[in-house]
Amino acid sequence: MRNSRLLLNLTVGLAASSLVLTAPSSLASKTPTKIQVLDWINKQAKDPVVTDYFDFQLVNLDDDPEPEIVAKHNGSVHIGNFYILDQKPDRTYALIAEEKWNSPRLQLDHWDFTREVNSSEIDKNAEDEPRLLAGKRVFETVQHTGGSGISVYEANLWYLDKGRLVKAWEGLLRQTVSVPGGQLFRTVGST
């Protein structure tokens, strides 16, 4: 009886220890938490996240199979930052880009130009494969800026090249200026 109990305790102990040893690999494959992403950014960024208005998403921005983390935080009025983190072999993330862009929202799947599909009635040369711009997946991040009486939305077109953010183009989407007396001036678009 004593030997069988000893054998049972030894078997349960070995089984439990093997579960503990395998737990980190199964946990490492899960989506990072908001706390983890904030910690990675705040340890590496010039301008750490200091507000509660923080959002992130996992998206594959380049040709490697691992997803990158795209994050943003918004501060007071028109202040905010935009971050890109790339996955390291130990399944943590390294900050590869930090921009002073106050992005109202993250919609990278919406702004991914490779997902644009032209109607076959409009474009007789429409292809089934997604189109690339200069061989790169190009994304747009809208920045909201301005000041007293001025509201500006600017577009930033960018892509990743060898682990770094490359700005392809930036331009005005809409600028609204309010002047005393109730006048409102609006500029839409730029070249």
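Residues numbered from 1 in each chain as written. Predicted model: local features only at pLDDT ≥ 70, side-chain atom pairs only at ≥ 80, totals over all residues. Heavy atoms only, no water.

Participant: Give a detailed account of unusual backbone geometry, specifying residues and quantitative values.
Facilitator: The phi angle at Arg-91 is positive, at roughly 70°, despite the residue not being glycine. Checked against the element boundaries, Arg-91 lands in the loop between strand E3 (80–87) and strand E4 (93–99). Taking relative accessible area as the criterion, Arg-91 reaches 36% and is therefore assigned partly exposed. Positioned with a positive phi, Lys-162 is a non-glycine residue whose angle comes to about 55°. Note that Lys-162 resides in the loop between strand E6 (150–161) and strand E7 (164–179). A relative accessible area of 83% places Lys-162 in the exposed class. (Helix = DSSP H or I, 4+ residues; strand = E, 2+ residues; numbered from the N terminus. Buried < 20%, exposed > 50% of the residue type's maximum accessible area, 1.4 Å probe, protein only.)

Participant: I'd love a proper account of the sheet that holds E7, names of residues and values included.
Facilitator: Spatially, the four strands line up as an open sheet ordered E5-E6-E7-E8, and their pairing is antiparallel. Both edges of this open sheet fall to strand E5 (139–147) and strand E8 (183–188), since each of them pairs with a single strand only. Going across the sheet, the axis of each strand differs from the next one's by a mean of 20°, ignoring polarity. (Pairing = 2+ DSSP bridges. Axes fitted to C-alpha atoms, helices over the stretch in contact; angles between N-to-C directions.)

Participant: How would you explain the nonpolar core if you had to name every residue and give the values?
Facilitator: Core analysis: the largest hydrophobic core is formed by 14 residues, its most contacted members being Val-37, Ile-41, Phe-54, Ile-69, Tyr-83 and Leu-85. Mapped by element, the contributors of at least two residues to this core are helix H2 (34–44), strand E1 (54–59), strand E2 (68–74), E3 and E4. Contacts of Ile-69, omitting those with residues within four sequence positions, involve Pro-32, Val-37, Trp-40, Phe-56, Gln-57, Leu-58, Tyr-83, Ile-84, Leu-85 and Tyr-93. Formed by twelve residues, the second largest nonpolar core is a distinct cluster that contains Val-59, Ala-97, Trp-101 and Trp-158. (Core = buried A, V, L, I, M, F, W, Y, C linked by side-chain atoms within 4.5 Å. Contact = heavy atoms within 4.5 Å.)

Participant: I'd like a rundown of the pattern of salt bridges, residues and numbers included.
Facilitator: Tallied over the entire structure, the rule returns four salt bridges. A salt bridge links Asp-39 to Lys-43; the nearest nitrogen and oxygen atoms lie 3.2 Å apart. In this pair, Asp-39 and Lys-43 are both assigned in helix H2, four residues apart and thus about one turn of the helix distant. Measuring nitrogen to oxygen at the nearest pair gives 3.0 Å for the salt bridge that ties Lys-136 to Asp-161. A residue pair is termed long-range when its members are at least 10 positions apart, and Lys-136 in the loop between helix H3 (108–111) and E5 and Asp-161 in strand E6 qualify at 25 residues. Assessed through its relative accessible area of 25%, Lys-136 is described here as partly exposed. (Salt bridge = Lys/Arg side-chain N within 4 Å of Asp/Glu carboxyl O.)

Participant: Describe H2, naming the residues involved and giving the relevant values.
Facilitator: All of the buried residues in H2 are Val-37, Leu-38, Trp-40 and Ile-41. Down the axis, H2 shows its buried residues gathered within 160° of arc, on one side only. Opposite its buried face, H2 presents the exposed residues Ile-35 and Lys-43, each directed more than 90 degrees away. On its buried side, H2 packs onto E1, E2, E3 and E4. (Arc of directions from axis to C-beta.)

Participant: I'd like a rundown of the packing of aromatic side chains, residues and numbers included.
Facilitator: For the structure on display, the rule yields five aromatic pairs. Ring centres 5.2 Å apart and planes at 40° place the aromatic pair Phe-82 and Trp-101 in the tilted group. Placement of Phe-82 in strand E3 and of Trp-101 in the loop between E4 and H3 is noted, with a sequence separation of 19 residues between them. Comparing Phe-82 with Trp-101 shows no difference in burial state: the two are buried. A connected cluster of aromatic rings, assembled from ring pairs, spans Phe-82, Trp-101, Phe-139 and Trp-158. (Phe/Tyr/Trp six-rings, centres within 6.5 Å; stacked < 30°, edge-to-face > 60°.)

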